[in-house]
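Chains, contacts and geometry: an overview
Each chain is listed here by its residues.
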Amino acid sequence: EANVQVVLRCRPLSVEEQKANVQSAVSCNDTKREVTVLNSLFKQADKTFTFDTVFGPKSQQRAIYDHAVAPIVDDVLEGYNCTVFAFGQTGTGKTYTMEGEMMQQVGELPTSAGVMPRAVRHIFDILEAQKADYSMKVTFLELYNEEITDLLASEDQSRFLEDRHKRPTLSLMEDGKGGSVIRGLEEIVVYSPGEIYSLLQHGSTRRRTADTALNMQSR
Ligand SMILES: Nc1ncnc2c1ncn2[C@@H]1O[C@H](COP(=O)(O)OP(=O)(O)OP(=O)(O)O)[C@@H](O)[C@H]1O
């Protein structure tokens, strides 16, 4: 099995887009794992691309997690290092897919919960079921314009938020064991999914890219 899997998800048209009668520029064939870019809308030849998995606009958050991410989290719990990341143009649904609705701290996950809250819940469920002794640490950083900032840095450093140019940046170093390490990154010990959701929410508000999202909403 390949070490890198590329999963493509197409979001549905928003209510605004539907009202404006815009046409979808892509069409998905989940079974054939194909996405066609409908250049014919612009009188050019359509182009079809094949991916490891394709999720069409009707696909639900849970299906994405169960099929594309849960096996990776199982691998992590077996001791492998894994990464899941979202890549795409602005407004294509990266945040929706990765975060979705995260507010709920206890009980059932909301249907709109994305990959991150589902992974957190999955990891805790497995560790609890194993009745194993475990400790868990969370780090949360932003890589923006090749600068690394610690989104969970202690309040002491958060005063730098007022002057973003002075915000301390961290360096990525080799750890001498073939891996990498970010020196000085805050590691917070957590005991429950709720604590992780709070950290994610707190850290998200400190992202520089959060500015753009806020600007969009305030327009
Ligand atoms: N699968 C989906 N179902 C319903 N709504 C969706 C879906 N994907 C995205 N959306 C909605 O589309 C809008 C844009 O999505 P989102 O903010 O996740 O994009 P993004 O790729 O993170 O953008 P940016 O790079 O600008 O942060 C949001 O209002 C989001 O709720």
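Residues numbered from 1 in each chain as written. Predicted model: local features only at pLDDT ≥ 70, side-chain atom pairs only at ≥ 80, totals over all residues. Heavy atoms only, no water.

The three strands are arranged 2-3-4 in an open sheet whose pairing can be described as antiparallel. The outermost strands of the open sheet, each flanked by one partner alone, are strand 2 (26–29) and strand 4 (47–50). Taking the axes of each pair of neighbouring strands and ignoring which way they run, one obtains an average angle of 20° across the sheet. (Pairing = 2+ DSSP bridges. Helix = DSSP H or I, 4+ residues; strand = E, 2+ residues; numbered from the N terminus. Axes fitted to C-alpha atoms, helices over the stretch in contact; angles between N-to-C directions.)

All right, on to helix 4 (residues 115–129) then. The end-to-end C-alpha separation of helix 4 is 21 Å, in line with the 21 Å expected for 15 residues at 1.5 Å each. Residues of helix 4 that are buried include every one of Val-115, Pro-117, Arg-118, Ala-119, Val-120, Arg-121, His-122, Phe-124 and Leu-127, and no others. Considering only its buried residues, helix 4 is in contact with helix 2 (61–77), helix 3 (94–98), strand 6 (136–138) and helix 6 (193–204). (Expected span 1.5 Å × (residues − 1). Buried < 20%, exposed > 50% of the residue type's maximum accessible area, 1.4 Å probe, protein only. Contact = heavy atoms within 4.5 Å.)

Within the element layout of this structure, Arg-207 appears in the loop between helix 6 and helix 7 (210–218). Those residues within four positions of Arg-207 in sequence are excluded, and the remaining contacts are Glu-99, Glu-142 and Leu-151.

Before going further, it helps to spend a moment on the side chain of Arg-206. Along the chain, Arg-206 turns up in the loop between helix 6 and helix 7. Residue class for Arg-206 comes out buried when judged on its relative accessible area of 7%. Only 3.4 Å separates the side chain of Arg-206 from the side chain of His-202, close enough to count as a polar contact. (Polar contact = N/O pair within 3.5 Å; in protein donor to acceptor, adjacent residues only side chain to side chain.)

It is worth spelling out the packing of helix 2 against helix 4 at this point. It is at 10 Å that the axes of helix 2 and helix 4 come closest, and there the two elements cross at 45°. As summarised for this structure, helix 2 and helix 4 are arranged oblique, according to the angle between their axes. In terms of crossing hand, the pair formed by helix 2 and helix 4 is right-handed. Counting all contacts with helix 2, which are made through Gln-61, Arg-62, Tyr-65, Val-69, Ala-70, Val-73, Asp-74 and Leu-77, the residues of helix 4 involved are Val-115, Arg-118, Ala-119, His-122, Ile-123, Ile-126 and Leu-127. Looking at the contact of helix 2 with helix 4 residue by residue, the classes come out as 10 nonpolar, two polar and three charged. (Parallel < 35°, antiparallel > 145°, perpendicular 65-115°, else oblique. Left-handed = near helix turned anticlockwise from the far one by under 90°. Nonpolar A, V, L, I, M, F, W, Y, C, P; charged D, E, K, R; others polar.)

Attention now goes to the packing of aromatic side chains. Within the structure shown, the criterion is met by one aromatic pair. Taking 6.2 Å as the distance between ring centres and 75° as the angle between the ring planes, the aromatic pair formed by Phe-124 and Tyr-134 counts as edge-to-face. Of this pair, Phe-124 sits in helix 4 while Tyr-134 sits in the loop between helix 4 and strand 6; the two residues are 10 residues apart in sequence, bridging distant segments of the chain. For Phe-124, a relative accessible area of 3% corresponds to the buried category. With relative accessibility at 29%, the residue Tyr-134 sits in the partly exposed group. (Phe/Tyr/Trp six-rings, centres within 6.5 Å; stacked < 30°, edge-to-face > 60°.)

Around the ligand, the neighbouring residues are Arg-9, Arg-11, Pro-12, Gln-89, Thr-90, Gly-91, Thr-92, Gly-93, Lys-94, Thr-95 and Tyr-96. Separating an oxygen atom of the ligand from a backbone N or O atom of Gly-91 is a distance of 2.8 Å. Contact distances for the ligand include 2.8 Å between an oxygen atom and a backbone N or O atom of Tyr-96. Relative to its free-state accessible area of 630 Å², the ligand is covered by the protein chains to the extent of 63%. Considering every element that reaches the shell around the ligand, the biggest residue donor is helix 3, with three residues. By residue class, the composition of the shell around the ligand is two nonpolar, six polar and three charged. (Near = heavy atom within 4 Å. Areas by Shrake-Rupley, 256 points an atom, 1.4 Å probe, with all protein chains shown as cover.)

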